Amino acid sequence: MVGATSAARRLGRAALDLVFPPRCVGCGEGGSFLCDDCVAALPVAAGSRCPRCWQPGSDARLCLDCQAAPPSFDGLRAAFVYERTARDLVHALKYRGMTALASPMGSLLAEAARRHDLEADLVAPVPLSGLRRRLRGYNQAEALARPLAMELQLPLRPRALARRRDTPPQARSADAEARRRNVTDAFVCRDRGVEGRRVLLVDDVTTTGATLAACAVALKAAGAESIWAITFARED
Ligand SMILES: [Zn+2]
Ligand SMILES: [Zn+2]
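Residues numbered from 1 in each chain as written. Chains lettered and ligands numbered in written order. Predicted model: local features only at pLDDT ≥ 70, side-chain atom pairs only at ≥ 80, totals over all residues.

J.: Would you mind showing me how to read the sheet that holds strand β2 (residues 122-125) here?
T.: Where strands meet in a sheet, backbone hydrogen bonds hold them as pairs that are either parallel or antiparallel. Spatial ordering of the open sheet is given by β1-β6-β5-β2, a layout of 4 strands whose pairing is parallel. Only two strands of the sheet have a single neighbouring strand rather than two, namely β1 (75-81) and β2. The sheet shows a mean angle of 25° between the axes of neighbouring strands, taken without regard to direction. Relative to strand β5 (residues 198-206), β2 runs parallel, the two being bridged by 4 bridges. Note that in β5 the partner of P125 across the bridge is V202. Seen against the sheet, helix α5 (residues 102-115) touches β1, β5 and β6 (226-234) and runs at an angle of roughly 130° to β6. (Pairing = 2+ DSSP bridges. Helix = DSSP H or I, 4+ residues; strand = E, 2+ residues; numbered from the N terminus. Axes fitted to C-alpha atoms, helices over the stretch in contact; angles between N-to-C directions. Contact = placed C-beta atoms within 7 Å.)

Written as structure tokens, this is what we have:
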């Protein structure tokens, strides 16, 4: 029965591919949702960055922000800069329902986690508010965390964190302080399983790291030993 179901699902997918053949989100080339050329051209978030918050231009030393007020996570790494195809991918996954992208994007995240030697015992995604999750039908951070956890062979704890209340979406115009106020106390961790464990916290994109820092506060309060955050992209 299981075989018949998956065969039917495969057939359904094949039929869907006929109607909507996969096209690369980056260049429009047919054959896949993300072609090899576009993967190779993705803007890697490299160069001289703050070792803690991954903000560029700090000459590989702790940036002034981190010196003044170190974030509650142990460190943050982003695979790519939030521009060009990296931005298109995040948008397609988040707003266009292209969940098929989660797998190749999750693999790229796993590659970045290995490249930066991020050691962890478990993977936890940044949660969406209940309302937004219902509207979108899925949490894009969880969609990325699933293949990432699988490739790193780590347990995924999709419900480790929860939103305490519905916070308004982060507006680009909001300054850093407003963002911090907005997310402080927004998260809670009721998962006893994080106690004494090293958590790899996952989100699709970060700007100031305020959301990740607020999640880290909740994880630390629940006894997590360390928190490394990883995102697909970072707004430089
Ligand atoms: Zn392409
Ligand atoms: Zn920093």
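J.: What is the right way to look at the nonpolar core in this model?
T.: Side chains that are nonpolar tend, in soluble globular proteins, to be buried together. Membership of the largest hydrophobic core comes to 68 residues, with the highest contact counts inside it found for L109, L144, L148, L201, V202 and C215. Looking at which element gives the most residues to this core, the answer is helix α9 (residues 210-221), with 9 residues. Taken domain by domain, the makeup of this core includes at least three residues from each of domain 1 (1-41) and domain 2 (42-234). In this view, L144 contacts A102, M105, G106, L109, V202, D204 and F232; residues no more than four positions away in its chain are not counted. (Core = buried A, V, L, I, M, F, W, Y, C linked by C-beta atoms within 7 Å. Buried ≥ 20, exposed ≤ 12 C-beta atoms within 10 Å, placed from the backbone. Domains from an automatic or database assignment.)

J.: Whenever I open this one, the environment of V199 confuses me. Can you help?
T.: Following the sequence through the fold, V199 ends up in strand β5. Under the C-beta neighbour-count criterion, V199 is labelled buried, with 30 such atoms within 10 Å. Once the C-alpha coordinates of V199 and W228 are considered, the two residues, 29 residues apart in sequence, prove to be 6.3 Å apart. Apart from residues lying up to four places away in sequence, V199 is in contact with A120, L122, A124, V194, L219, A224 and I227.

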